[in-house]
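Letter by letter, the chains look like this.
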Amino acid sequence: MFGVADRGASYTEREAAYAVILDADRRAAVVQGRTGMFLPGGGIEANESAEEAVLRESLEECGRPLEILRTIGRAIQYCHGEQEPFRAQHRFFEARFCGPVSQPAEYPLAWVHIDEACRWFRYESHVWAVRRLLAEENP
């Protein structure tokens, strides 16, 4: 669980799915949004699975198709400072890009080492997911 729940706040529930994509140098693929860096991914729409959401979001944000390799895990993130506080249920998948850019990207894509990304990620849960995958690769 990440963030701090305010006992007096009423939280909207949001589900989202994100891809952790590492390159040969163990850098993570990130998108630069208006409020910080994010892993590729986003909100799960009605009647959409987490896997379908992360594939759709990668195409929208990065302009590239993904192949999901496996599930990394889930995390709860309490979020404040936006329109209304929300409790996000984030699902994370190890993935890789599986084709060239197929449409215009919504955000610039960058490759960053986790130590650098920690300073810029919008959500602590994203740092956790990348670190978890890196730890599994090098126990």
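Here, the structure is the one placed above.
Below you will find a few notes about this structure. (Residues numbered from 1 in each chain as written. Predicted model: local features only at pLDDT ≥ 70, side-chain atom pairs only at ≥ 80, totals over all residues. Heavy atoms only, no water.)

**Overview of the pattern of salt bridges**
Here's step 1: The full count for this structure, using the stated rule, is 11 salt bridges.
Here's step 2: Measuring nitrogen to oxygen at the nearest pair gives 3.5 Å for the salt bridge that ties Glu-45 to Arg-56. A residue pair is termed long-range when its members are at least 10 positions apart, and Glu-45 in the loop between strand E4 (41–43) and helix H1 (50–62) and Arg-56 in helix H1 qualify at 11 residues.
Here's step 3: Looking at Glu-45, the relative accessible area reads 46%, which means it is partly exposed.
Here's step 4: A salt bridge links Glu-48 to Arg-56; the nearest nitrogen and oxygen atoms lie 2.7 Å apart.
Here's step 5: Exposure remark for Glu-48: the relative accessible area of 17% places this residue in the buried category.
Here's step 6: According to the relative accessible area criterion, Arg-56 is buried, its value standing at 18%.
Here's step 7: One salt-bridge network, held together by shared partners, links Glu-45, Glu-48, Arg-56, Glu-57 and Glu-60. (Salt bridge = Lys/Arg side-chain N within 4 Å of Asp/Glu carboxyl O. Helix = DSSP H or I, 4+ residues; strand = E, 2+ residues; numbered from the N terminus. Buried < 20%, exposed > 50% of the residue type's maximum accessible area, 1.4 Å probe, protein only.)

**Examining the side chain of Glu-48**
Here's step 1: Secondary-structure assignment places Glu-48 in the loop between E4 and H1.
Here's step 2: Polar side-chain contacts of Glu-48 include one of 2.8 Å to the backbone nitrogen of Glu-45.
Here's step 3: At 2.7 Å, the side chain of Glu-48 forms a polar contact with the side chain of Arg-56. (Polar contact = N/O pair within 3.5 Å; in protein donor to acceptor, adjacent residues only side chain to side chain.)

**Let's talk about the layout of surface pockets**
Here's step 1: Empty space within the largest pocket amounts to approximately 660 Å³.
Here's step 2: Looking at the largest pocket, it is lined by 25 residues, and the ones nearest its centre are Tyr-18, Phe-38, Gly-42, Tyr-107 and Tyr-123.
Here's step 3: At 4 residues, strand E1 (residues 12–20) tops the list of elements feeding residues into the lining of the largest pocket. (1 Å grid on protein atoms, 1.4 Å probe; cavity = no way out; pocket = protein on both sides within 12 Å on 5 of 7 lines; lining within 4 Å. Points joined across faces, edges and corners; volume = space filled by probe spheres on them.)

**What to know about the environment of Tyr-107**
Here's step 1: Residue position: Tyr-107 is located in the loop between strand E6 (86–97) and strand E7 (109–112).
Here's step 2: Through-space distance from the C-alpha of Tyr-107 to that of Arg-74 is 24 Å; in sequence the pair is 33 residues apart.
Here's step 3: With sequence-adjacent residues up to four places away left out, Tyr-107 is seen in contact with Val-31, Gln-32, Gly-33, Arg-34 and Glu-61. (Contact = heavy atoms within 4.5 Å.)

**Here we look at unusual backbone geometry**
If a residue is not glycine, its phi is most likely negative; likewise, a peptide bond is most likely trans.
Here's step 1: Of note, Arg-26 is a non-glycine position whose phi angle comes to about 65°, a positive value.
Here's step 2: By the element assignment, Arg-26 lies in the loop between E1 and strand E2 (28–33).
Here's step 3: We note that Asn-47 has phi near 60°; this positive angle belongs to a residue other than glycine.
Here's step 4: For Asn-47, a relative accessible area of 83% translates into the label exposed.

**Some words on the environment of Glu-13**
Here's step 1: In this structure, Glu-13 sits in strand E1.
Here's step 2: In this structure the C-alpha to C-alpha distance between Glu-13 and Val-112, which are 99 residues apart in sequence, comes to 30 Å.
Here's step 3: Among all residues touching Glu-13, those that are not within four sequence positions of it are Arg-87 and Gln-89.

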